[in-house]
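# Coordinate inspection notes
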Amino acid sequence: MKPLWRSLLFVPATRSDRFEKAAAAGPDMVCIDLEDAVAPDDKDEARNTALDFLAGSLPSGPRWVLRINSPRIELGLHDLLALLSSAAAPDALFIPKASSGDEMRWLDGLLSTAEKDVDLIPVIESAEGLDRAVEIAGSTLRNVAIGFGSADYTAELGADMSAAALAYGRGRIAAAAGQVGIAAIDGIWPDFMDDDGLRGDAELARSMGFDGKILIHPRQVGVIHSVYTPGADEVSRARRIVAASEAANGGIATVDGEMIDNPVVVAAQKILAAARSG
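Below: a short report on this structure. (Residues numbered from 1 in each chain as written. Predicted model: local features only at pLDDT ≥ 70, side-chain atom pairs only at ≥ 80, totals over all residues. Heavy atoms only, no water.)

Here eight strands make up a closed barrel; going around it, the order is E1-E2-E3-E4-E5-E6-E7-E8 and the pairing parallel. Within the sheet, the average angular offset between the axes of one strand and its neighbour, ignoring direction, is 25 degrees. Relative to strand E7 (residues 183-186), strand E6 (residues 145-148) runs parallel, the two sharing three bridges. Note on E7: the bridge partner recorded for Gly147 is Ile185. Docked against the sheet, helix H8 (residues 163-180) engages strand E5 (119-124), E6, E7 and strand E8 (212-215), running at close to 175 degrees with respect to E6. Relative to E8, helix H10 (residues 221-228) is tilted by about 170 degrees, and along the sheet it contacts strand E1 (7-12) and E8. (Pairing = 2+ DSSP bridges. Helix = DSSP H or I, 4+ residues; strand = E, 2+ residues; numbered from the N terminus. Axes fitted to C-alpha atoms, helices over the stretch in contact; angles between N-to-C directions. Contact = heavy atoms within 4.5 Å.)

Attention now goes to the side chain of Asp201. With respect to the helices and strands, the residue Asp201 is situated in helix H9 (residues 195-207). In this structure Asp201 comes out as buried when scored by relative accessible area, which is 9%. Looking at Asp201, its side chain comes within polar contact range of the side chain of Arg170, at 2.9 Å. If near-sequence neighbours (up to four positions away) are discounted, Asp201 is found in contact with Arg170, Asp186, Ile188, Trp189 and Lys213. (Buried < 20%, exposed > 50% of the residue type's maximum accessible area, 1.4 Å probe, protein only. Polar contact = N/O pair within 3.5 Å; in protein donor to acceptor, adjacent residues only side chain to side chain.)

In short, the description is geometric, and any link to function would need to be established separately.
Structure (structure tokens):
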């Protein structure tokens, strides 16, 4: 079964009491955060806490992700060295402020040398990274998804986080993910009490090709899953499209008065795959 990318829920590495609570909220991924959620004076303790937890018997359900500090600064290097010499086994590393394919290949090499079976999720958070989105996304087979750090991106540009301000960045990242065949994960919705705003933002991102969203609170999980899980009508139509295409032996068919060609069939197959996984 293909993995789901609908929800990546962040939890501070300083709050080990929240790790299992985050998993119990039902996200597809839980990301233990060593970067923005941890004050400078708490970095060492947080790192030890996260690695000890990830070396143990992890709660079943979500995939476990670790966000390290940027590997281009000293804190990130400490994170990497500690991970490589530990028994910690996260499913993936969330790499903030990814800026080049060379950086991702370097990380791949370190993990390979240490015989760490860990996936990579580079996160684009700058104009420099966005300019190299395709290069970053396709830099290594360890890359399973690419994320959008929309808050840092807009801060660098001096923009707000409106749909218009995010449209260019979202489009570039979704296109890069589609080009190399990995998932695209959208950035945060900062007001975790605003369900309507979250839903609208997620629906827009999904329409642009994103597979899921970074979440900052467990209460956001249900809304996101309702957006990214295909509904009954959507699944029914997808089944009719695939059946009509098969009946036409791959040729042109019609469903509900609409001409069905190969791109429409591929989209329908993705909907059915997501419905089966969910």
